[in-house]
Amino acid sequence: MEALEAMSSLAFPIKDLIRRRFQTVLIIAGLTICVATTIFLVQFGNTIGFEIFLLARGKLTTGFSYIFTVFIIFVSFLDFLACLLITSFLVSMAMSQRVQDIGIMKATGCLTNIIFSYFAIELFIMILSSCVFGTVFGVAMYYASINVLNAFGFSLADTSLNLWAIFVIFLAFMIAPNLIGG
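Read on for a plain summary of the structure. (Residues numbered from 1 in each chain as written. Predicted model: local features only at pLDDT ≥ 70, side-chain atom pairs only at ≥ 80, totals over all residues. Heavy atoms only, no water.)

Focus: the overall build of the protein chain
Along the protein chain, the regular secondary structure elements total six helices and zero strands. Ordered by position from N to C terminus, the α and β elements of the protein chain give α-α-α-α-α-α. With 182 residues in all, the protein chain has 37% of them scored as buried. Contacts spanning at least 24 positions in sequence make up 72% of the contacts within the protein chain whose residues lie at least 6 apart. As presented, the protein chain carries roughly 10,900 Å² of accessible surface, and 77% of it is formed by carbon and sulfur atoms. (Helix = DSSP H or I, 4+ residues; strand = E, 2+ residues; numbered from the N terminus. Buried < 20%, exposed > 50% of the residue type's maximum accessible area, 1.4 Å probe, protein only. Contact = heavy atoms within 4.5 Å. Areas by Shrake-Rupley, 256 points an atom, 1.4 Å probe, with all protein chains shown as cover.)

A word on the environment of Phe80
By secondary structure assignment, the location of Phe80 is in helix H3 (residues 62-97). When the C-alpha atoms of Phe80 and Thr37 are compared, they prove to be 9.7 Å apart, with 43 residues separating the residues in sequence. Among residues more than four places away in sequence, those in contact with Phe80 are Ala172, Phe173 and Ala176.

Structure, rendered in structure tokens:
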């Protein structure tokens, strides 16, 4: 019985997200691009020697590696801030357009915490799907760029993925937008 209630409680936000396709696709696409860019930068930087952990493992000189490491960290930080701004702007825009929906929910007897949880579930679904799509797209772009550069004659070793960095990026992009949007 509880599983049926959980399914029905998730079905309504999902149907509402499908009903508002343009806003949903816009939010998911924006956040997906931010997650994919950050994962790509960190993984590609590690492959060509711009270690995110400030370690030059013999690929480049220490000074050169340090300069580009700072650059990658700075661009990743700006990308993270862009993600937060996209989330807060689009959530506030969506909420301002849904004042009538909130009024109808209140008129039918929904409590404020139920309305808040409904919108929080919608936000969580969009952020989770964005992070999953962004992670897959970022890793795919990493492998595609390595293969393209190797085809053009550069000798880049296909190193294994830094799963801890991907996990940290995934968690950061999951937690922060949920806190900002909620």
